Every structure is written in C-alpha cells, then in structure tokens.
Amino acid sequence: MTTAQDRPVRERPREERQLDRVTIRFAGDSGDGMQLTGTQFTRTAAAFGNDISTYPDYPAEIRAPTGSLPGVSGFQLSFSSNEIHTPGDDPDVLVAMNPAALRANIGDLPPGGALVVNVDAFTSANLSKVGYAASPLLDGSLSAYNVFSIPISALNARALAGLELTNKQVDLTKNFFALGLMFWLYERSMEPTLEWIDDKFSRRPVIAEGNKRALRAGYNFGETTEIFHERYIVPPARLRPGRYRSITGNEATALGMVAASQLAARPLFYGSYPITPASEILHQLAGYKNFGVKTFQAEDEIAAIGSAIGASYGGAMGMTGTSGPGVALKSEALGLAIMVELPLVLIDVQRGGPSTGLPTKTEQGDLLQVMFGRNSDSPMPVVAPATPGECFEYAIEAWRIALKYMTPVAFMSDAFLANGAEPWLIPDATTLPDISVPNRTEKEGFYPYLRDPETLARPWAVPGTPGLEHRIGGLEKADILGNVSYDPDNHHKMMLIREAKVAGIARDIPPLDVMGADEGDLLILGWGSTYGAIRSAVERLRDRGYSVSHAHLRHLNPFPANTEDVLRRFRRVLIPELNLGQLVMLIRARYLVDAIGYNRVRGKPFRIAEIETEAERVLADLGEPLT
Amino acid sequence: MTKTVDSAPAPAPLPVLTRKDFVSDQEVRWCPGCGDYSILAQTQKVMPDFGYARENIVFISGIGCSGRLPYYMNTYGFHSIHGRAPAIATGLRAARPDLMVWVITGDGDALSIGGNHLIHSMRRNVDIKLIMFNNRIYGLTKGQASPTSEYGKVTKSSPTGTIDYPISPLGIALAAEASFIARSVDTHTEHLQTTLERAGRHHGSVFVEVLQNCNIFNDGAHREFTDREVRDDRMLVLEHGKPMIYGKERNRGIRLDGHRPQIVTIGEGGITEADLLIHDESDPLLAAMLTTLYWPDFPVPVGVIRAIDRPTHSELLVAQVEQAIATRGKGDLATLLAGGETWTVTGDGA
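The rules we used
- Residues numbered from 1 in each chain as written.
- Chains lettered and ligands numbered in written order.
- Predicted model: local features only at pLDDT ≥ 70, side-chain atom pairs only at ≥ 80, totals over all residues.
- Helix = DSSP H or I, 4+ residues; strand = E, 2+ residues; numbered from the N terminus.
- Rg over C-alpha atoms; globule rule 2.2 N^0.38 Å.
- Buried ≥ 20, exposed ≤ 12 C-beta atoms within 10 Å, placed from the backbone.
- Contact = placed C-beta atoms within 7 Å.
- Pairing = 2+ DSSP bridges.
- Axes fitted to C-alpha atoms, helices over the stretch in contact; angles between N-to-C directions.
- Domains from an automatic or database assignment.
- Nonpolar A, V, L, I, M, F, W, Y, C, P; charged D, E, K, R; others polar.
- Parallel < 35°, antiparallel > 145°, perpendicular 65-115°, else oblique.
- Left-handed = near helix turned anticlockwise from the far one by under 90°.
- Core = buried A, V, L, I, M, F, W, Y, C linked by C-beta atoms within 7 Å.
- Expected span 1.5 Å × (residues − 1).
- pLDDT = per-residue confidence, 0-100.

Some words on the overall build of chain A
Thought 1: If you tally the helices and strands in chain A, you get 20 helices and 24 strands.
Thought 2: Against the 2.2 N^0.38 benchmark of 25 Å for 627 residues, chain A shows a C-alpha radius of gyration of 27 Å, consistent with a compact globule.
Thought 3: Judged by the C-alpha coordinates and their principal axes, chain A covers about 90 × 65 × 45 Å.
Thought 4: By residue count, 56% of the 627 residues in chain A fall in the buried class.
Thought 5: Expressed as a percentage of contacts within chain A between residues at least 6 apart in sequence, the contacts between residues at least 24 apart total 76%.

Things to note about the overall build of chain B
Thought 1: Assigned secondary structure in chain B consists of eleven helices and twelve strands.
Thought 2: Principal axes of the C-alpha set define a box for chain B whose edges measure 100 × 50 × 45 Å.
Thought 3: Across chain B, every contact between residues at least 6 apart in sequence was considered, and the portion connecting residues at least 24 apart equals 66%.

Examining the sheet that holds strand β12 (residues 342-345) of chain B
Thought 1: Strands sit in the order β17(A)-β10(A)-β12(B) across an open sheet of three strands; the sheet is antiparallel. Of all the strands in the sheet, just β17 (421-425) of chain A together with β12 of chain B have a single pairing partner and so form its edges. The mean angle between the axes of side-by-side strands here comes to 35°, regardless of whether they run parallel or antiparallel.
Thought 2: Direction of pairing for strand β10 (residues 242-248) of chain A relative to β17(A): antiparallel, over a ladder of five bridges. Paired with A:Ser246 across the two strands is A:Pro423, which belongs to β17(A).
Thought 3: The strands touched by helix α1 (residues 34-48) of chain A within the sheet are β10 and β17 of chain A together with β12 of chain B, with β10(A) carrying the most contacts at an inclination of about 165°.

Some words on the domain arrangement of chain A
Size of an interface: often given as the accessible area lost when the parts come together.
Residues and elements named next belong to chain A.
Thought 1: With domains assigned, chain A is organised as domain 1 (2-233), domain 2 (245-428) and domain 3 (514-622).
Thought 2: Of note, the centres of domain 1 and domain 3, computed from C-alpha atoms alone, are 37 Å apart.
Thought 3: Facing five residues of domain 1, the contacting portion of domain 3 comprises nine residues.
Thought 4: Across the side of domain 1 that touches domain 3, the residue classes tally to one nonpolar, three polar and one charged.

Considerations on unusual backbone geometry
Thought 1: Between A:Gly353 and the following residue, A:Pro354, the backbone shows a cis peptide bond with an omega angle of 0°.
Thought 2: You can see A:Pro354 is positioned in the loop between β14 (344-350) and α13 (367-372).
Thought 3: Look at the link from A:Asn557 to A:Pro558: it is a cis peptide, with omega at -10°.
Thought 4: The phi dihedral of A:Glu341 falls on the positive side, at around 50°, and the residue is not glycine.
Thought 5: Examined against the element boundaries, A:Glu341 turns out to sit in the loop between α12 (324-340) and β14.
Thought 6: Of note in this structure, B:Arg136 is not a glycine but carries a positive phi near 60°.
Thought 7: Position of B:Arg136 relative to the elements: it lies in the loop between β4 (128-134) and α5 (169-175).
Thought 8: Judged by local crowding, B:Arg136 falls into the buried class, with 23 C-beta atoms found within 10 Å.

Concerning the environment of A:Ala429
Thought 1: On the secondary structure map, A:Ala429 appears in the loop between β17 and β18 (471-473).
Thought 2: Residues within four places of A:Ala429 in sequence aside, it is in contact with B:Leu333, B:Ala334 and B:Leu337.

Details of the packing of helix α11 (residues 301-313) of chain A against helix α2 (residues 85-95) of chain B
Thought 1: Here α11(A) crosses α2(B) at 45°, and the two axes come no closer than 6 Å. With respect to α2(B), the element α11(A) is oriented oblique. In the packing of α11(A) onto α2(B), the handedness of the crossing is right-handed. Note on element contacts: α2(B) touches α11(A) through B:Ala87, B:Ile88, B:Ala89, B:Thr90, B:Gly91, B:Leu92, B:Ala94 and B:Ala95, opposite A:Ile302, A:Ala303, A:Gly306, A:Ser307, A:Ala308, A:Ile309, A:Gly310, A:Ala311 and A:Tyr313.

What about the domain arrangement of chain B?
Residues and elements named next belong to chain B.
Thought 1: Each assigned domain of chain B is listed with its residue range as follows: domain 1 (15-242 + 279-335) and domain 2 (244-277).
Thought 2: Taken over C-alpha atoms, the centre of domain 1 sits 30 Å from the centre of domain 2.
Thought 3: Facing the eleven residues of domain 1 at the interface are eight residues of domain 2.
Thought 4: Within the residue set of the side of domain 1 that touches domain 2, elements represented by two or more residues are α8 (231-234) and β7 (235-237).
Thought 5: If one sorts the elements of the side of domain 1 that touches domain 2 by residue count, β7 sits on top with three residues.
Thought 6: Residue composition of the side of domain 1 that touches domain 2, by class: eight nonpolar, one polar and two charged.

Overview of the nonpolar core
Thought 1: A:Val95, A:Trp399 and A:Phe411 are the most contacted members of the largest nonpolar core, which totals 254 residues.
Thought 2: Counting residues per element, this core draws most heavily on helix α14 (residues 390-405) of chain A, which supplies eleven residues.
Thought 3: Excluding its chain neighbours within four sequence positions, the residues that come into contact with A:Phe411 are A:Val345, A:Leu346, A:Ile347, A:Val383, A:Tyr394, A:Ala395 and A:Ala398.
Thought 4: If you look at the next biggest cluster of nonpolar residues, it comprises six residues, including B:Ile137, B:Tyr138, B:Cys214 and B:Ala221.

Section: the interface of chain B and chain A
Thought 1: Contact residues are listed per partner, giving 64 residues for chain B and 69 residues for chain A.
Thought 2: Among the secondary structure elements, those contributing two or more residues to the side of chain B that touches chain A are β2 (76-79), α2, α4 (115-123), α10 (313-328), α11 (333-337) and β12 of chain B.
Thought 3: With eight residues, the single largest contributor to the side of chain B that touches chain A is α2(B).
Thought 4: Its residues assigned to classes, the side of chain B that touches chain A shows 32 nonpolar, 23 polar and nine charged.

What about the sheet that holds strand β6 (residues 206-211) of chain B?
Thought 1: One open sheet holds the nine strands; their spatial order is β18(A)-β2(B)-β1(B)-β3(B)-β4(B)-β6(B)-β5(B)-β11(B)-β7(B), and the pairing between them is mixed. Of all strands in the sheet, those bounded by a partner on one side alone are β18 of chain A together with β7 of chain B. Strand-to-strand twist of the sheet, defined as the mean angle between neighbouring strand axes without regard to direction, takes the value 20°.
Thought 2: Direction of pairing for strand β3 (residues 100-106) of chain B relative to β4(B): parallel, over a ladder of six bridges. The residue of β4(B) that forms the bridge with B:Gly106 is B:Phe133.
Thought 3: α2(B) contacts β1 (57-61), β2, β3 and β4 of chain B of the sheet and is inclined by roughly 175° relative to β3(B).

Things to note about α14(A)
Thought 1: Helix length check: α14(A), at 16 residues, gives a terminal C-alpha distance of 22 Å against a target of 22 Å (1.5 Å per residue), a fit within 8%.
Thought 2: Counting buried positions along α14(A) gives 14 out of 16 residues, so the element sits mostly inside the fold.

Here we look at the environment of A:Tyr394
Residue and element names in this part refer to chain A.
Thought 1: Checked against the element boundaries, Tyr394 lands in helix α14.
Thought 2: Residue class for Tyr394 comes out buried when judged on the 24 C-beta atoms lying within 10 Å of it.
Thought 3: Taking C-alpha positions, Tyr394 is 48 Å from Ala157, a pair spaced 237 residues apart along the chain.
Thought 4: Those residues in contact with Tyr394, other than ones at most four positions away along the chain, are Val383, Pro385, Phe411 and Arg554.

Description of the confidence of the model for chain B
Thought 1: When pLDDT is averaged along chain B, the result is 94; 95% of the residues meet or exceed 70.
Thought 2: In this model residues 1-8 of chain B is a low-confidence stretch, pLDDT under 50, and it forms 19 contacts with partners more than four residues away in sequence or in other chains.

Some points on the confidence of the model for chain A
Thought 1: Considering every residue of chain A, the mean pLDDT works out to 94; 97% of them sit at 70 or more.
Thought 2: pLDDT under 50 marks residues 1-12 of chain A. Its contacts with residues more than four places away, or in other chains, come to 17 contacts.

Overview of the packing of α1(A) against helix α7 (residues 191-200) of chain A
Residue and element names in this part refer to chain A.
Thought 1: Remark: α1 packs on α7, axes separated minimally by 9 Å, with the N-to-C direction vectors making an angle of 130°. By the angle between their axes, α1 is oblique relative to α7. In this structure, α1 crosses over α7, and the sense of that crossing is right-handed. Contacts between α1 and α7 involve Gln40, Arg43, Thr44 and Ala47 on the former and, on the latter, Pro192, Thr193 and Trp196.
Thought 2: For the contact of α1 with α7, a count of residues per class yields three nonpolar, three polar and one charged.

Set out below in structure tokens:
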C-alpha cells in the first residue's frame, strides 16, 4: 500500500497505457455529490468521443445518516473506444469516499482493481458505523487490490485555504478533488467541468472558486504525486458518424414526447404526480412550454391520468407518467380510456416492488400489471425501449399507435434506462415520421363507434365540432351507435372488437429482429433495459463459438407477427428478466414454446457474466450442439 | 399536415336555441319522482342563455344517479368513473379553454370517492361548473350511507345507525377556495334556475349544492325545511347586498351577537331591519358563517354564498405557455434535439 503524505512531490514522466475500456465507480455518502461527479466525468468522456454507458445507483433517502451503509450513493460509468452496451459488470476503479462506500462496494471490485480511498474519512467513528473493527486500509484485508490511500479531505482543504468558505462548504467540494484526480488519470480535460462550475455557481463566485480549486487540486495532485505509475488513454470510439449528445432515458423520453407532439401537430398535455424514478420527465416537460406543452402536477395519480383523458377528449395528446405503484392507482382510469377509445400514453418508469418496494432501484416487475392489471379483458398496446436513446423513438412509436388506433398505449421504461446515459446520435428532425391523424368533422354518416375498417379505430370527434355532439363513457357502448348498451350479444361483440383492434397492430409493427444466426441452439429473448447485458453476453458466447442469438422485443402487446417463427427456429429459448418470470409466462402461454426464464430481482441490472453463465448452463443441458 | 385542434371549424353564427335544443334523444331513466328530473329540466332551460353553441358545451359526470345526466343533454358529454369527473374536466379545460364545461356529481361521488379531485379543482379555480346533487344517500348502489348522511342514520350499510359525522359540502368548498359557492333545492325550480344562471355566468370554479330528494332510498331527505308549507320559515334565501331576512311574514332575520349569528324577529325588542346582517358574496367571514347555519338551529341558507373573481387555472396555464413563447420563441424541434453539449463523429470514427 502506498500513502501519499510522506512522499516527496516531484514531477517525472509516467507511462501511458492505452485501454479499450475503463469502468469507474464513484461511491460516497448520498450528500457527497457522487451523482454529480459521475455525470461530469460522463459528459467529459462522451464529448471526447468515447462510447459511454452509465449506471447511477442512489438510495431512496435524500440524506441518510452520514457515513451509514444505507446512505451510500454510487455512480458507475464505463467509457470505451469500442461500442459498448452496458455500464460494465465490474469496475476497474473504485473511488470510495468513506468506509461505508468501501464496505458497500468492495465486493464488486475484482482482484487487482484500483481502489482510491479518501483516507481522511477512515476515522474510528466512521469505521465502527459500518462494522469495521479496524481500518481495512491497515489490516491487510485489501491486499488483493491496488490501493491508493489519499488524504483527499486534507489536501482539498489546503487547496481551498484562504477562501471565505465554512469548513462544511470546503468539505462539500472534495468530490471535485476526486473527479480532478480521475481526469488526470485518464487524461481528460477539465475544461467542460470548469465551465459547468462557472455556469452553475455564477451568482456565488466563492463557491465556484472553491469547486474549481478542488478540481484543479485533484488533477495537480495526480500530476505531481508519484503514487500513480501510469496514466491511461481510452481513444475515441468508432461510432456512427454524426452529431451526438449524451442522453439519459428520461431525457430521451421527454424529448420523444415533445417530438411526437410536433409530428402529430397536436399539443401535448402531461398530467403527472411526482414519483421516483419518473419525476424528471415532468421536470423536463415543464421546461418545454414554448412547444405548447402543458404540464399539470396533479393531486394524485388518478387525477394525473384523469386529466390526461380529459385533454385527449378535447383533442390534445393526453399523457401521464409514473412508476409501478402509480400504475396500480391508474388502473381504473386506464380501463376507462380503453372503453372510450381515446388516445393516451402511459409512461411507466418501473422500479423495484411490490408496494413502495425499492423506489430508486431498477426492476421489470410491471409487465403483467400493464398487460392485465385492470378489470375484465382490457387490452392495451405496450412498447418498451431497450436503451436510453431508444426512449426517444419509442416515445414517438407509442404516440403513433395511440393516435392511429385510438387507444391508450403503455410505454415501459425502468430506473436503469431512466437514469442511465449513453451517447445519442441526434436524429434529423426532418426525417421523423408524420404521425398526425385528422379529427372527425364530417357530420354525414357520423357515429361515435363506427370504425375504420382497417385499424378498427373509432372517429375522434372533439368537443367544439358542430353536429357531432355525442356522449361517451365507461358503460358498454352499442357497436357503431355508441349509446349505452346492456345487450349481451353486443357486449360480446365489443369485447372481441377491442381485442382485435389491439391484436391487429401486429400488422403495423416491424418484425422481431435476430442478432446472430436466424436459427441455432439457443435464442436469448429479452425486453427493455436488459438489452445491453444480453447483447454483450451473446457477442461473447458467439465469439467463443456457441450457437447463440439474441432477439429483443420492443413491442410487447401485440408481439411482432413473426415472433413464434423466430422462437421455433431455436432448440432452446432463454428469457432473462429482472422479475420472477413475466415475459416468459406470456411467451409460454401464447406460443406453447418451452422457454426458460432466468430471473434476478436484486434492484440492479444484469451483469453480462450472469447471462453468459446461465446460457452456458442451458447449452450444456442441450448436450451435443447441432452441426 | 392534417386538421388540428386549433383549426377546428369556426362555429356558425349562433342560432337562437331553446330548451328543446338541449334535450337528447336518450330516454331518461331515473326513478319516477326523482329530484333529478327537475335539475335536468332547469339545466336544459338555462343552457341557451350563456351564448355558447351546443357543440362548445360539455357535461362530464362521475358515477351515481347524477352521473346519467350527460346522456340527456344534447351537448358533448362524458360519463366517466367514480369521483374522477373534476380531474377529467381539469384536463379538458386545460387543453380547451374555449369550451364551457359542466361537472355533474353527487354527494358520494364528489365528497367521498372523489373528494381529493373536488378540493383540488376548486383550489386551482378550474373554470368548471360543478353541480353536486345532495340526497344524503347512495342511490344507485341501493341505499348505503353517504358522507352527507346524518349521524346515526339507519341504512342498509348501517343497520344500527351510522357512526360517522356528516361532512359540510359548502364548508369543504369554502376551505378549498372555490370562487363561486351556492346552494339550491331541486323542488324550488325558480330558485334553482336563477342559481344555475349565476353559476353558468361565473368565471372560475363553481360549486353548487342542490338539495335533492331520493324518493326511493331517502325519501324526504330535506323535507323538514324544504316542504312548501315550512320552507319560508326554515330557509334563508340570500341576496347580495340585501339583509338576511326570511319567514312567511318576512319578519325574521340573522344578526351577529358578538361573532355568533343569532335569529331575531323584527319588531321584537326594538329590532329593525337595520340590525340584520347584509349579505356580501365577497366577504370570506360571512361565507364561513353561512356554511355553518343549518336546520334545526338556523334556517338553511340558499343562494349564492360566495362569488369572487380570481384568475382561473386554464388562464394561468395558457399565460405561462404564451409567456414562454414570447420570451424564447416558438419551440423548434431540431434545435431542441441538438440542445446541450454535442460533439461530432466524423466518417473515420475520430
């Protein structure tokens, strides 16, 4: 182990090593600014041209007791010179700002990994808070790692000496010291962050100066200290040419919804009730008023969807967004939207459940709720983007379906997609599809439930249109006429029509694509945010000669028309999900295919290796591979 | 691009409409003798007076007997779900400030299952005309206690009497800052008509409690003070700027004794009309006092309790959108997508 204090500070040239990919995890107290630190590194790496993928992992408590395990907040990011699909299984570098952060994260650091700790936080009080009898920095228990014990607090305080800041304010800047050190270690420019600090604290120049000094102090410490023998370079990735920005799933969702509104030439209305991890979508959309977006922070989840239904009734694009517990509260209103056949988009940013569950952690637990969580048979189309960037195009797709088929549509994201970031090739706005639909204005031949023969959509006759006055509601409607009807045969018919309308969307969505060979031993089928881990696992397995392919469903109701055909061309189908087996249940029930589930509900995304290992196990059970 | 909401065809010059124009082709299916018939009739009667074309009027309801009313109005209508009508109306109002939106609800729908939506629509001053039919019972579900049922009431769900104290609808409306609060009675057709007229002309959130009889499950719900023989002595008809005077002989009134209301008789103990309280629809203290007066301790006040003017939710919402466009320009999608920090990857991946 090396400590910094007693070393003479001198400059000497160091080795530079080129790496394809580096994964860093910043971990500290939830008040230590780890999310910000990670985000700053991410934007810097992204702007440099690396492919990036991030995984913010923060506690539900805003400020849990200082130094406690529940208060540990982490931000993992992977940056690479190749195309990457996940934020990395294991970090190469763990930055632990205190003993709690070390204890909570050390298990994920592989032997030989670099561990940077703020040794100043390893006080006996902090150690005993998390059950360390003695400092792990001194007892040899970390000998498997490459440990860099740095008195970050003290060095940082020295760098900020003379500024009119309280000790507390000085201490709050130490994350920038750590960030500066990482910038140095990976040869990244400090400029974007320095600019960000100036912008952010433009009205508090002393705070800005403190943060800038902290950042530079960390960088210069790397430069002048001798403890790091190497610096690392991760060259830019060979991404598709074009203009990029870094984007999280929630940002892409909000942008996609605004784009859909422009493409449909109708105003967007967003009714929502604050809930983690969906609230950022409300915050974002509230800033897009100059696009005609109206946002409404409702009194509860039910009012949020109720107001969206009202807006759609009036001819706007009514949308609501929430997470699993909120979907539960919206169930009755979703049934109403299905009954009155109005377009609506429900955003479900899934989190760990049941009940309040794990508010800040990821899970894919709501698929069956969204599919079936309503009284009676009440079919609703479901789309699920696979990556943060895809949230944009599937936001538009959700609206395309909602408008064309006059139906509510569920858009399923999750905490991992919502908070995770990746480089996003900015689409050319002029090439985005026209998804507009007309209002019904023609009086002649108007009936509220007379359907388009192809889509089975009913006409959208909005209030204000003369001659089309009519009444809709939650009671069963007479086919075509739309009056209340309790007729048994009519009800049966209407149930079949509602089902056929949604099922028919299968003719209007792209087929299920297969990555790898079209047939073989094993198909790994996924949906949603597990895309990156599955894709990477399949790439590795294929590199090793296994007959494995990957297919990823973005449309979950209806499934693409060729789904069964794809499934039957493989000897085995493995479905990894962050739930106890929901898609696998649907697939087995629908196609009588003996698919196998691989299910983990730990509040964390899959690791690539987990899927790889499970696939190997399934392949081993198959015995001799097909030739 | 196809037709959008903004470019919906302009309504033709308003024809002169009559009550008949607002009668839909649907057969009315309330129980014979129900108080709802009268409310429907008065509603249809006042509708031509507001200067809105039929297509620009929307009736939204929740669940309960009252919820059927939109089917009988030849306007746009939406019979929604339990308690949610104010929320749906809020969204419609936000999207379409050009429409006139009525919400029809009942004591159970508004004050029990939909209580939250009710209070928040009022505190936001959403410009909806909410008419709450109060029969102090659940009628459509065949006779359970409602939030306005009197304490100790024996119903199917409370065979040994309710143990819940009734809620004050007007008190709720006042606490939630509805900008128009009124009360009327199903059988007092002229008064009801006048009240609905005022409600329809109000700018902002309207809460009208209509005392209504359910002749099947709670017959005589309000009979003690609404019956023709007693009503003049047991109800106080409020008029803005006029003294609070009532009684067959027009000789009784309300005055303040300290801060407490007191019933007095003009001509007794030197009391004259000048001693009586003057009704003022803008006075919050007076409104608070009036919401607490009820039979048998006091005559039941009817009429407009409160009417004030403040900006409505949709006005403020539209103003924010307009302000954003004025300061930042109309949003451009390409600019938005390329917002924040961007970088360019060239053909060779550098």
